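Listed below are the residues making up each chain.
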Amino acid sequence: MSVSTALRIAPLTGHFGAEITGVDALRDLPEGELLRLLEEHLVLVIRDQNLSHADQVALARTLGTPTPAHPVVPGHPDHPEILELDAQKGGKNAMWHTDVTFVATPPAASVLVADHTPEFGGDTMWADLRTAYATLHPSLREAVRQLRAVHLISPLAYWGEPFDSALSRDDARKLHDDARNVPAVVHPVVRVHPSTGQPALFVNPGFTSHIVGMSRIESDNLLALLHAHASQPAFTLRHRWREGDVVIWDNRATMHYAIDDYGDVDRRMRRVTIRGSVPAGPDGFTSAVTDDPMVAVR
């Protein structure tokens, strides 16, 4: 299959992100091209696709093998790969995070489809963890290369803090209880991309609990520094959603933030994640589940 002559790829920032126009993303791109573009740009915006649920899963399969919707949250009854994010049912997550880093093999990529968007607000931001790492001071870059961090599932996962969640108390209890059965995992603080070989920060405020072996003061402040550095405007992009949009991101080198600035109006999205590999650091350390309380307990 040849690439459509109408295909256009427009950068979204000076560091990462691109908008693809002029194609049907599912049918018009040669095999492997979407994955190549994703690994180059880290975030791809493709408007006016209006994918069905089955089309979304099929598009995800061009990037790899879809995972179940979520480790503790059930997927769509007819498409178990799809996680439905309905703001009216608590489907908000106004916190910087990288998807599902609380497991030993976090997703390689995510495919998000917009079904219904607010008239105002509801944008999503992404941060480029590849450039964030590259622009650290050389001494700090070297210092974090061999560090490890513990990642844990948040008690209510993607459904908000207790004070602002739309979940019922019974649903929140079930999510909390299920989350307690997910063991802690230790990841490298710097991850080497398995395809490109480029290093990137691999910590996020949503799921990174602490840095192994550091005091609370050291860990909290170093993580706060890394998070603040990575989320500077120069390393981020912001997407204004329209119904029918598809956004795909490389989960190995980005984090994202769904902005909750649209009140109680309807916002419905659906996500499919792509199976990833075990993260590895520059020193060869690979991620592993841990039940050692001297490591996992904060």
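Residues numbered from 1 in each chain as written. Predicted model: local features only at pLDDT ≥ 70, side-chain atom pairs only at ≥ 80, totals over all residues. Heavy atoms only, no water.

Draft legend 1. Local environment of the pattern of salt bridges. Under the defined criterion, the tally for this structure stands at 19 salt bridges. The closest approach of N and O atoms between Asp24 and Arg27, which form a salt bridge, is 3.2 Å. Of the residues examined, Asp24 reaches a relative accessible area of 26% and is grouped as partly exposed. Arg242 is paired through a salt bridge with Asp48; the nearest N and O atoms lie 3.5 Å apart. Residue Arg242 is located in the loop between β12 (236–239) and β13 (246–250), and its partner Asp48 is located in the loop between β3 (43–46) and α2 (53–61); the two are separated by 194 residues in the primary sequence. (Salt bridge = Lys/Arg side-chain N within 4 Å of Asp/Glu carboxyl O. Buried < 20%, exposed > 50% of the residue type's maximum accessible area, 1.4 Å probe, protein only. Helix = DSSP H or I, 4+ residues; strand = E, 2+ residues; numbered from the N terminus.)

Draft legend 2. Representation of the sheet that holds strand β16 (residues 288–290) in the model. Ordered in space as β11-β7-β8-β16, the 4 strands form an open sheet in which the pairing is antiparallel. Because the sheet does not close on itself, it has two edges, and the strands there are β11 (208–211) and β16. Averaged over all pairs of adjacent strands, the angle between their axes in this sheet comes to 35°, without regard to strand direction. The sheet contact formed by strand β8 (residues 184–188) and β16 spans 3 bridges and is antiparallel. Residue pairing for β16: Val185 is matched across the bridge by Val289. (Pairing = 2+ DSSP bridges. Axes fitted to C-alpha atoms, helices over the stretch in contact; angles between N-to-C directions.)

Draft legend 3. Structural view of helix α1 (residues 33–41). Within α1, burial applies to Glu33, Leu34, Leu37, Leu38, Glu39 and His41. Directly beyond the C-terminal end of α1, a positive phi value near 75° is found at Leu42.

Draft legend 4. Structural context of the sheet that holds strand β14 (residues 254–258). Read across the open sheet, the 3 strands follow the order β12-β6-β14; overall the sheet is antiparallel. Strand pairing shows two members of the sheet lacking a second neighbour, β12 and β14, which therefore form its edges. Sheet twist, expressed as the average angle between the axes of neighbouring strands with direction ignored, equals 20°.

Draft legend 5. How the structure looks around the packing of aromatic side chains. One pass over the structure, following the stated rule, counts 3 aromatic pairs. Relative to Trp249, the ring of Trp126 has its centre 5.3 Å away and its plane inclined at 55°; by these criteria the two rings are tilted. Taken as a pair, Trp126 in strand β6 (residues 124–128) and Trp249 in strand β13 lie far apart in primary sequence, 123 residues in all. Judged by relative accessible area, Trp126 falls into the buried class, the value being 0%. Just above the ring of Phe285 sits the side chain of Arg148; from NZ or CZ to the centre is 4.1 Å. (Phe/Tyr/Trp six-rings, centres within 6.5 Å; stacked < 30°, edge-to-face > 60°. Lys NZ or Arg CZ within 6 Å of the ring centre and 35° of its normal.)

Draft legend 6. The nonpolar core, seen in detail. Core analysis: the biggest nonpolar cluster contains 48 residues, and Trp126, Val144, Val189, Leu201 and Leu226 have the highest contact counts within it. Those elements that provide at least two residues to this core are β3, β4 (83–86), β5 (109–116), β6, α3 (129–134), β10 (199–201), α6 (216–230) and β13. Broken down by element, the residue count for this core peaks at 4 residues, all from α6. Once you skip the residues sitting within four places of it in the chain, Leu226 turns out to touch Leu136, Val144, Val189, Leu201 and Val203. Judged by nonpolar contacts, the second largest core, of 25 residues, contains Leu51, Ala60, Ala109 and Val272. (Core = buried A, V, L, I, M, F, W, Y, C linked by side-chain atoms within 4.5 Å. Contact = heavy atoms within 4.5 Å.)

Draft legend 7. How the structure looks around unusual backbone geometry. For Asn50, which is not glycine, the phi dihedral falls at a positive 50°. In this structure, Asn50 sits in the loop between β3 and α2. Classification of Asn50 by relative accessible area gives exposed; the value is 56%. Its identity is not glycine, yet Val100 carries a phi of approximately 55°, on the positive side. Looking at the element boundaries, Val100 is found in the loop between β4 and β5. Under the relative-accessibility criterion, Val100 is labelled buried at 5%.

Draft legend 8. Focus on the environment of Tyr262. Examined against the element boundaries, Tyr262 turns out to sit in the loop between β14 and β15 (268–274). The class for Tyr262 is buried, based on a relative accessible area of 3%. Through-space distance from the C-alpha of Tyr262 to that of Trp249 is 23 Å; in sequence the pair is 13 residues apart. In this structure, Tyr262 is in contact with Ala87, Lys92, Pro118, Phe120, Gly121, Gly122 and Arg267, ignoring residues within four places of it in sequence.

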